Amino acid sequence: MDLSLRLINSYWHPLCHASELAEDKDFVRFNLLDFEVVAYNDKGTIIAFDNLCPHRGARFFLDDFGRSRIKCEYHGWSFIAGQAKIPKKEEFINCDIGSAALNQFKVARCGDFIFFSPTAEQNLQQQLGAELVCRLESISQAIKCRSDFNRYPFESYWPIAVENALEPDHIPMIHGDSLAPLRLQAGENIYYGENSIWFSPLGNNAIDEKLVKLGKFFEPAERYPGYMSIYIFPFAMISSTHGYSYSMQNFFPGDRTKTFFTSRLYQARESNPRYDEMVKSLMLSSASTNRAVFDEDHTICKRIPAKTWSTDNPKYYGQHEEKIIHFRQSCRRWVDD
Ligand code: FES
Ligand SMILES: [Fe+2]
């Protein structure tokens, strides 16, 4: 079996924050390989299902996110509160129509982050480990809502896109005007099994001081006073500067020339409603910086053919590329000899 499919099947993958599915019928849709998963609020229960109607396979949702019934436009089958509503059901006499149901995936939560898995054997807590669970829970609880949704096909094999997000040495070359001005320090990588967090203090004191001052606009929370980048093996990153917003990036596999990339910017809770407008404008500016950073990453990743990647260590690697070694090691046990 292909590495991408094995990883999809065997792990839990973060899809969204609960605030994105706060109301009945809210949904967010994702592509992975040749299928789609929809995270959905079904009368207060969060479910995840294959986007194909079990009748004859029409796609339910075409939009990336929104609020809508699960109703197939082809012959009108709909699904609500776990029940199928099938027009002219009495005509389905030569089949077991009573078994007609959405094709559901497993769902689990870490705080307010919603994860899905097709067939993970370990539970989500085992996959993440207790310390990372704690940190993700507290981050998810500091988040108020989604403030940006950014999606496009990333023209690169997904491990290449992920590895790019795992090493900082390219920042001065690739992100000259966007990320480089923060002058991220080497900092420290902490490993939690196959996952990791990079804690990097800002070397630009002027920017750092400005950011510290913004703290009063947000509810008190546990915030890392620098740049933090959490890697959730295999396909997700959550990054933040000073904890005022969190950017979640999903690098879901497409074929060997395409990654289904989605980034969301989540806003932390304000300390007072009167800061609402001010925080919104701060989010707009963070969203536009993040979009620039991802475009820059995409531009360089497009230049790297899939055939250059393997689970062997690169022949040459610097000390700041240690997470690439760790990532390839994590992938290695899922490929055939
Ligand atoms: S394909 Fe969906 S109702 Fe027929
Ligand atoms: Fe980058």
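Remember, predicted model here, so these are calculated numbers, not experimental data.

The rules behind these values
Residues numbered from 1 in each chain as written. Chains lettered and ligands numbered in written order. Predicted model: local features only at pLDDT ≥ 70, side-chain atom pairs only at ≥ 80, totals over all residues. Heavy atoms only, no water. Salt bridge = Lys/Arg side-chain N within 4 Å of Asp/Glu carboxyl O. Buried < 20%, exposed > 50% of the residue type's maximum accessible area, 1.4 Å probe, protein only. Helix = DSSP H or I, 4+ residues; strand = E, 2+ residues; numbered from the N terminus. Core = buried A, V, L, I, M, F, W, Y, C linked by side-chain atoms within 4.5 Å. Domains from an automatic or database assignment. Contact = heavy atoms within 4.5 Å. Phe/Tyr/Trp six-rings, centres within 6.5 Å; stacked < 30°, edge-to-face > 60°. Lys NZ or Arg CZ within 6 Å of the ring centre and 35° of its normal. Donors = N, O, S within 2.8 Å, 3.2 Å for Na, K, Ca; no water. Tetrahedral: all angles 85-135°; square planar, octahedral: opposite > 155°, others 65-115°.

A. Quick peek at the pattern of salt bridges. The tally for this structure, following the rule as stated, stands at 16 salt bridges. Put simply, R29 and E36 hold a salt bridge, and the shortest N to O gap is 2.5 Å. For R29, a relative accessible area of 5% puts it in the buried group. Between D148 and R291 there is a salt bridge, with its nearest N and O atoms 3.0 Å apart. Placement of D148 in strand 11 (residues 143-154) and of R291 in helix 7 (residues 276-301) is noted, with a sequence separation of 143 residues between them. Judged by its relative accessible area of 32%, R291 is partly exposed.

B. Local environment of the nonpolar core. L128, L136, W158, I230 and F327 are the most contacted members of the largest nonpolar core, which has 68 residues in total. When residues in this core are grouped by element, the largest group, 5 residues, is from helix 4 (residues 158-166). Structurally, this core is a two-domain feature, drawing no fewer than three residues from each of domain 1 (1-127) and domain 2 (129-337). When sequence neighbours within four positions are dropped, the list of residues in contact with I230 reads L132, R135, L136, I139, S196, I197, A236, M237 and I238. Core analysis: the next-biggest nonpolar cluster, separate from the first, contains 21 residues, W198, L211, L214 and V293 among them.

C. Looking closely at the packing of aromatic side chains. In total, this model carries 32 aromatic pairs according to the counting rule given. Plain terms: the ring middles of Y152 and F154 are 6.2 Å apart, the flat faces sit at 10° to each other, and that makes the pair stacked. Taken as a pair, Y152 and F154 share a single burial class, namely buried. Geometrically, the ring pair formed by W158 and F327 is edge-to-face, given 5.9 Å between the ring centres and 85° between the ring planes. With W158 in helix 4 and F327 in helix 8 (residues 322-332), the pair connects residues that are 169 residues apart, well separated along the chain. In terms of burial, W158 and F327 fall into one category: buried. An aromatic cluster is defined as three or more aromatic residues linked by ring pairs; in this entry it consists of Y11, F30, Y157, W158, Y231, F233, F235, F252, W309, F327 and W334. Here the guanidinium or amino end of R146 rests over the ring plane of F65, the centre of that ring lying 4.0 Å away.

D. Quick peek at the coordination of the iron ion (ligand 2). Bound to the iron ion (ligand 2) on the protein side are H170 (NE2), H175 (NE2), D297 (OD) and D297 (OD), at distances that span 2.1 to 2.7 Å. Classification of the site at the iron ion (ligand 2) as irregular follows from its 4 donor atoms and the range of 52 to 149° in their angles at the metal. Donor residues for the iron ion (ligand 2), ordered by position in the chain, follow H-x4-H-x121-D. Here H175, found in the loop between helix 5 (171-174) and strand 12 (188-192), pairs with D297, found in helix 7; they are 122 residues apart in sequence, far enough to count as distant. For the pair H175 and D297, a shared accessibility class is recorded, and that class is buried.

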